[in-house]
Amino acid sequence: MRITFWGAARTVTGSMHEVQVNGRRYLLDCGLYQGRRKEATERNSVFPFTPSSIDGVILSHAHLDHSGNLPTLAKKGFAGPIYTTPATIDLCDAMLKDSGHIQEKDAAWLNKRHFRRKALEVASNNGEVQPLYTMEDAERVMKLFEPVSIAAPKVLNPALSYEACDAGHILGSTAVVLHCQENGKLIRTAYSGDIGRHNQAIIRDPDSMPAVDYLIMESTYGDRLHKDVDTVSNKLADIVSRTCGRGGKIIVPAFAVGRTQQLVYLLHELSNQQRIPSVPIFVDSPLAVDVTAIFRKHAECFDAEAREFLLRGEDPFGFKLLRYIKDVGESKALNDLRGPFIIISASGMCEAGRILHHLKNNIEDPRNTVLVTGFMAENTLGRKIVDKLAEVPIFGELVRLRAEVVKLNELSGHADQRELLEWLKPMAKSLKKVFLVHGEAAQSAALAKAIGEQYGIETVVPERGESAELV
Ligand SMILES: [Zn+2]
C-alpha cells in the first residue's frame, strides 16, 4: 500500500491523501485549501493526479477543509463513490452548496473589480474569473455519496476495506481504519481525520482506537494544552458580561458547523443559570440555520447530556433570547441596531460570508469585542485579527482594529497535545510509524517529539507530494 500526502502536509488546510493499493486509487478526504487567493485558486483547481483515475473517496467529516474540494474533483472527472456517515452526508449537502454559492459570489465580485482581477492574475482566457465550482456542481457531487455508518465494516474491493470510529470532533465525524490485504499480508492503517475532545458539548467523545500498524494523524494543536470545559464557561460568561457592561457588541466568527451549535448550547446553559446578562443573541448565517436543523435530525450522534436535554422536552439549540437569521434584509438591519448584543456568524476564519460585514461595521469601536473561537490559518483575515494588526483588510479596504480581541481556544473541536497522546495510546504498542499531518510546522514538530519521548514510535512530518510505502 502506498500513501501520498497531497494536502494538509505541513499546514492545516486542504486535507487530501492518496492511497494506492493493488492498482486502485482512493483519496482520504478532498478538502478546500484556504490561504492566499492566488495560491488557493491554483491548489484547488489543479489536482496532482487525474481525477477520473480515483476509484473512491473516504471522507472523515464535513468540514470544508476536508470535504470542500469534492465538487471540483467531480467536475474534473471523478465519478466514484464518496463513503461517509449519514450525518456527514446531510452536513455536506448544506455546506458544499453554500460553498458553491460563495465561490460564485466571489467570482462575480472579482469580475466587477478589474484592477484586482488583473493584479491577482486569476482570470481565465476570456478575461472572466470563473468560480472554482458552482452551487449546481455541489448539487451534482451529492449524488456520489454513499452512507457508511460508524462501526459498520465496508469492503471497497478485495484488497481494501475500512471501518469508521467516532472521532468526537463534529457531528458525524470519523477516524477510519483501513484494512489492506497485500501479498497475503494484512496492513492496518488508521487515519485520524480531526480528533475531538472529551466532554465537548452535544457530541460523543472520541472512540478508543483498535491496534494498527500505521497512523496518519492530525496535529493542529500538537504544541498546546487547552483549558477544561468549566474554564470555557467562566471565560465566556466574563467576556459577555464585560462587553455588555460597556454597551458593546460581541462579534463571534464561528464555523457554521459545530462551533455555532456548541456556542448556542453553552450560552443557553449560562442564560439558564443567569450568569450572563439577558441580551439578544443572533445566529446570522443561513448555513448555520440549515446545519442546526441537521443537528436536530441526527440525535443518534449526541452524547448523554444532550439526549437528556431532549428527554426533558427542551431544545438544546433554541431559547427565548436567541434568534436565527436567514434573510439578508434582517441581517443588514443588525447594522443599525444598538448594542449590547451577540452576533454569531460565519465563516469561521473570516474569509467570506456575513461575518465580514459585521466585522467591518464593528471593529473600529473599542466598546466591542471580537471573540475568536477557533483556529485561524495563516494569511486569513481571522489570523490578522488574532494577531491584532492595527489595520486589517476587509472588502479591499483597510479598517482600523480597535475592538477588544479575545481568544477562546478551549472551545476548539480539536484535541490538544495531551489528548492527542491519550488518543494514540491504544495503538501505541502495534504502531510501526506515525505520519503527522494537518498542523503548522511548530505544532507537528512538538507532537512528533512528544510521541517519540512517550511511546518511542518513529514519527515523521511528510511534505506535500511525499509518498510512503506501507508494508
Ligand atoms: Zn474538522
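Cut-offs applied
Residues numbered from 1 in each chain as written. Predicted model: local features only at pLDDT ≥ 70, side-chain atom pairs only at ≥ 80, totals over all residues. Heavy atoms only, no water. Pairing = 2+ DSSP bridges. Helix = DSSP H or I, 4+ residues; strand = E, 2+ residues; numbered from the N terminus. Axes fitted to C-alpha atoms, helices over the stretch in contact; angles between N-to-C directions. Phe/Tyr/Trp six-rings, centres within 6.5 Å; stacked < 30°, edge-to-face > 60°. Lys NZ or Arg CZ within 6 Å of the ring centre and 35° of its normal. Expected span 1.5 Å × (residues − 1). Bend = angle between axes of the 7 residues up to and from the residue. Buried < 20%, exposed > 50% of the residue type's maximum accessible area, 1.4 Å probe, protein only.

### Some thoughts on the sheet that holds strand 5 (residues 82–84)
- Across the sheet, seven strands lie side by side as 6-5-4-3-2-1-22; this open sheet has mixed pairing. With one partner strand each, in any of the chains shown, strand 6 (145–147) and strand 22 (467–469) form the two edges of the open sheet. Shown here is a sheet whose adjacent strand axes are inclined to one another by a mean of 25°, direction ignored.
- Two elements, strand 1 (residues 2–7) and strand 22, share three bridges in a ladder whose sense is antiparallel. In the strand pairing of strand 22, Thr 4 is matched with Ser 467.

### Observations concerning the packing of aromatic side chains
- For the coordinates displayed, the defined rule picks out nine aromatic pairs.
- An aromatic cluster is built from Trp 6, Phe 47 and Phe 49, whose rings are joined through pairwise contacts.
- The residue whose ring lies beneath Arg 43 is Tyr 33, and the NZ or CZ to ring-centre distance is 4.3 Å.

### Re helix 4 (residues 86–112)
- The terminal C-alpha atoms of helix 4, which comprises 27 residues, lie 40 Å apart, in line with the 39 Å expected from a rise of 1.5 Å per residue.
- Taking the largest bend as the criterion, helix 4 deviates by roughly 25°, centred on Cys 92.

### Digging into unusual backbone geometry
- A cis geometry characterises the amide bond from Gly 339 onward to Pro 340, with omega recorded as 0°.
- Of note in this structure, Ala 8 is not a glycine but carries a positive phi near 50°.
- Tracing the backbone through its elements, the reader meets Ala 8 in the loop between strand 1 and strand 2 (16–21).
- Even without being glycine, Ala 151 reaches a positive phi, approximately 70°.
- Locating Ala 151 in the fold gives a position in the loop between strand 6 and strand 7 (154–157).
- Ala 151 gets classed as partly exposed once you look at its relative accessible area, which sits at 49%.

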